[in-house]
Number of protein chains: 2
Amino acid sequence: MALIVQKYGGTSVGSVERIQEVAKKVIQYRKDGHDIVVVVSAMSGETNRLLALAKEINPDPRGRELDVLLSTGEQVTIALLSMTLEQMGMPAQSYTGSQVKILTDDAHNKARIMQIDDEKMRQDLSDGKVVVVAGFQGCDEQGNITTLGRGGSDTTAVALAAALKADECQIYTDVDGVYTTDPRVVPEARRLDHITFEEMLEMASLGAKVLQIRSVEFAGKYNVPLRVLSSFTEGGGTLITSEESSMEQALISGIAFNRDEAKLTILGVPDQPGVAHKILGPIAKQNIEVDMIIQNTGHDATTDFTFTVHRNDYQTALNLLKETSVSLGAREVTGDEHIAKISLVGVGMRSHAGIASTMFETLAEENINISMISTSEIKISVVVNEKYLELSVRALHKAFELEHCN
Amino acid sequence: MALIVQKYGGTSVGSVERIQEVAKKVIQYRKDGHDIVVVVSAMSGETNRLLALAKEINPDPRGRELDVLLSTGEQVTIALLSMTLEQMGMPAQSYTGSQVKILTDDAHNKARIMQIDDEKMRQDLSDGKVVVVAGFQGCDEQGNITTLGRGGSDTTAVALAAALKADECQIYTDVDGVYTTDPRVVPEARRLDHITFEEMLEMASLGAKVLQIRSVEFAGKYNVPLRVLSSFTEGGGTLITSEESSMEQALISGIAFNRDEAKLTILGVPDQPGVAHKILGPIAKQNIEVDMIIQNTGHDATTDFTFTVHRNDYQTALNLLKETSVSLGAREVTGDEHIAKISLVGVGMRSHAGIASTMFETLAEENINISMISTSEIKISVVVNEKYLELSVRALHKAFELEHCN
């Protein structure tokens, strides 16, 4: 008998019928002898409906009042799911974030959880009830309703699991797990039974949009085993834990990629201390996030400097860079919006050499030119021309035999 | 400068445009120098939408979960109204019932207010903010969300006014005040500038459906001046207070009527102690409410007994009465579904004789037969054939010159 926290997203509770399916799943777990705490989102479409009402009134409503409004979405779901469970003969008890209570800071619309009171939940569980908690919300010390921001229900689930020292936190979504790469690009992509928090963070931040990064970080920090499953199909999903030392640890867990970025290069910059700051300072001031950064020492007393930003920020960044170029006396500024970033992710890299060279060899065999390379302990990322994205991912997937369980 | 509690019902906040109208009204009062606490209902249709969702799941959902669900309706409105006020440059602060907090007992769906904490509201008012409170809801000592039952927002407003010792509690609705009688029956009916709590209670319970009886009782108990006004038209509405001693106190304030009732009579019952209980006991056991009760001593050792019930309960009551008739050895049971009850209401009756006789004379002149008469300190009610309802009301309205300010 385990204590399991389950989280169901908006599409999983999008209608009375869907809510009934969720209730059946919950009851099955109860029958198997587990204690269950369920975290739910607003019914799909509801948050957008409420946001539209708010925007009709005030394009920039005060955070406090927006949270009062938006938090009603999850409150409706907890009531409906509890009623459904009770209708099916399963005692249940619902809680809003304020009722639990999930104490947050007072940063409305993007609050952070400070503390969770588990007393009521423990009492209900020991009374044999299913506990149903509104995701995405909490309250600050003054009792003001707060929300955690979009996707915050995942974070609520992980935080509850941590507070309750749950055996597992299950995130039900519309995919059945984490794959070695996007199956739309590589049909042979395989669902991973297991992945580490670190790998998941690299996969998620690199474009495998399964879980909110924040909830994975949270789960890693508190070492809460996290499982991604489908609400709509059967299967064990993917378990995300901190265990790295299984006997047959895979070398590479997966290949993440994105085409959200653009590349900017400033050539022939005088190679002096502080030049990186002079180049990136104006970019940062405009709140533009920089991802990869590469500096090559040049031939003479100059250096070349390349970095990537989100494509939406490309034009702004390019204009800033041109201004900087003039003041620095650089030779030239170039840019490219048509790039793709591909990353091999795997904790196995730590102990295995030669992965980078296999990666470069594979791409060379396909005549794909690499324009940037960046490495970390468990990841190698390359930037290539966008048109080679699919080809690169397929070739790498095959080269590292990711279609096989290894 | 006064402290005013205003309550706006569902149709008054039924759309973004309506909410903007409410905000303008509130801001005007602020500009006139008053402190304002606003109580709002759910947007019209919202409570029914939520109820329908609940019924789809569970025809008899647990009260606690139903309250969690229904309370979101007002929560949406407080957020939207606060945003609107702020958009118009007026600082505002919203509160759910739990946040204020409005402490109730734990009778879900029909909770009673026990205590109200006015600390946050007073602080906000002294900070120059408009306070916006969700009607209809509160929370019990354990922090469970409760609702006061339909129409409970009026009660919330009065309770807040009492707690804050407000100068006036204004109930905005879709009528512009309390009339001497229903203007659809008597076009000359006049809006009353002033009426007492007692009169209002008699008017309301007798069919003038302007205010929830419960909120009038509450206002009377705590002596909160209550004003009924229209959200949609200008005008001073009707003020309801305990003052009875104005110089020109009207003799009769109004004429209430209804055709919701049916009459049952048991004839020739042996006139013994306890007979009323034997007749009404079985009726009460079926939770049927009895309104008027009249017993006439008969000629011999028997008595006749007549009472009225709601028309919906007529058949059930008639069947019960027939069974009682057999066991009591009564002579006959008769009934009439086609009756109307007409009531003259006025505190002036206390000090003026002759009102009943004027009433009977007026009806006699129209050849209208009275089948039941019942009197209280400030009310005389008669039952007549339903078909004479309009004629009776018009004749009485004229006889007591209610169309004139008197």
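The paragraphs below set out a description of the structure included in this document. Keep in mind it's a predicted model, so treat the numbers as computed, not measured.

### Brief notes about the sheet that holds strand S13 (residues 254-258) of chain B
Residue and element names in this part refer to chain B. Spatial strand order, S13-S18-S20-S19: four strands in an open sheet with antiparallel pairing. Of all the strands in the sheet, the pair left with one neighbour each is S13 and strand S19 (370-376). The average angle at which neighbouring strand axes cross in this sheet is 20 degrees, direction not considered. Where S13 meets strand S18 (residues 339-345), five bridges bridge the pair, whose relative direction is antiparallel. Bridging from a neighbouring strand, Gly254 pairs with Val345 of S18. Sheet strands touched by helix H11 (residues 355-365): S18, S19 and strand S20 (379-385). Its angle to S20, the strand with the most contacts, is close to 20 degrees.

### So, the packing of helix H3 (residues 63-87) of chain A against helix H3 (residues 63-87) of chain B
Two elements in contact, H3 of chain A and H3 of chain B, have axes separated by 8 Å at closest approach and are oriented at 170 degrees. Classified by the angle between their axes, H3 of chain A and H3 of chain B sit roughly antiparallel to one another. Class assignment for the residues of the contact of H3 of chain A with H3 of chain B results in 16 nonpolar, eight polar and four charged.

### Quick notes on the packing of helix H6 (residues 152-164) of chain B against helix H8 (residues 213-221) of chain B
Residues and elements named next belong to chain B. Between H6 and H8, whose axes approach to 8 Å, the crossing angle comes to 10 degrees. As summarised for this structure, H6 and H8 are arranged roughly parallel, according to the angle between their axes. Of the residues in H8, those touching H6 at Asp154, Thr155, Val158 and Ala159 are Arg214, Ser215, Phe218 and Ala219.

### Remarks on the environment of Val39 of chain A
Residues and elements named next belong to chain A. Tracing the backbone through its elements, the reader meets Val39 in strand S2 (residues 35-40). Judged by its relative accessible area of 0%, Val39 falls in the buried class. Along the sequence, Val39 and Ile293 sit 254 residues apart, while their C-alpha atoms lie 39 Å from each other. Not counting chain neighbours up to four residues away, the residues in contact with Val39 comprise Val5, Gln6, Lys7, Tyr8, Val133, Gly135, Ser153, Thr156, Ala157 and Leu160.

### A short note on the side chain of Arg190 of chain B
All names here are of chain B. Mapping Arg190 onto the fold places it in the loop between strand S9 (168-173) and strand S10 (194-196). Here Arg190 sits buried without a salt bridge, and the closest side chain of opposite charge, Asp193, lies 5.9 Å off (N-O distance). Looking at Arg190, its side chain comes within polar contact range of the main-chain oxygen of His404, at 3.3 Å.

### So, the pairing of S9 of chain B
Residues and elements named next belong to chain B. Within S9, six of the six residues are buried, leaving the element largely enclosed by the surrounding structure. Side chains Glu168, Gln170 and Tyr172 of S9 all project onto a buried face; the interleaved residues Cys169, Ile171 and Thr173 project onto the opposite face, where all are buried too. In this sheet, S9 lies alongside strand S1 (residues 3-8) in parallel orientation, the contact comprising five bridges. Counted as the bridge partner of Val5 is Cys169 from S9. Where S9 and strand S11 (residues 226-230) come together, five bridges link them in parallel fashion.

About the thresholds
- Residue positions are given per chain, counting from 1 as you read along its sequence in written order.
- Chain labels run from A onward and ligand labels from 1 onward, assigned in the order the entries are written.
- Only residues with pLDDT of at least 70 get local features here, since the model is predicted, and only at 80 or more are side-chain atom pairs given and counted; chain-wide, interface and lining totals rely on the full set of residues.
- Values reported for side chains reflect all heavy atoms of the structure, with hydrogen atoms and water molecules removed beforehand.
- Pairing between strands is defined by DSSP: at least two bridges between the two strands are required.
- Under the scheme used here, helices are H or I runs from DSSP no shorter than 4 residues and strands are E runs no shorter than 2 residues, and both carry numbers assigned from the N terminus.
- Lines fitted to C-alpha atoms define the axes here, with helix axes fitted over just the stretch in contact, and angles between the N-to-C directions of these axes take values from 0 to 180 degrees.
- Working rule for contacts: check all heavy atoms of both residues, and any pair within 4.5 Å makes them a contact.
- Small angles under 35 degrees read as roughly parallel and large ones over 145 as roughly antiparallel, with 65 to 115 read as roughly perpendicular and the rest as oblique.
- Any residue outside Ala, Val, Leu, Ile, Met, Phe, Trp, Tyr, Cys, Pro, Asp, Glu, Lys and Arg is labelled polar, Gly included; the first ten of those are nonpolar and the last four are charged.
- Buried residues are those whose accessible area, probed at 1.4 Å on protein chains only, stays under 20% of the maximum for their type, while exposed residues exceed 50% and partly exposed ones sit between those limits.
- Counted charges follow a simple rule, with Lys and Arg positive, Asp and Glu negative, and His plus the chain ends left uncounted.
- Take a side-chain nitrogen of Lys or Arg and a carboxyl oxygen of Asp or Glu: if they are within 4 Å of each other, that pair is a salt bridge.
- Counted as a polar contact is a pair of N or O atoms within 3.5 Å, where, for protein atoms, one must be capable of donating a hydrogen and the other of accepting one, and residues adjacent in sequence contribute only when both atoms are in side chains.

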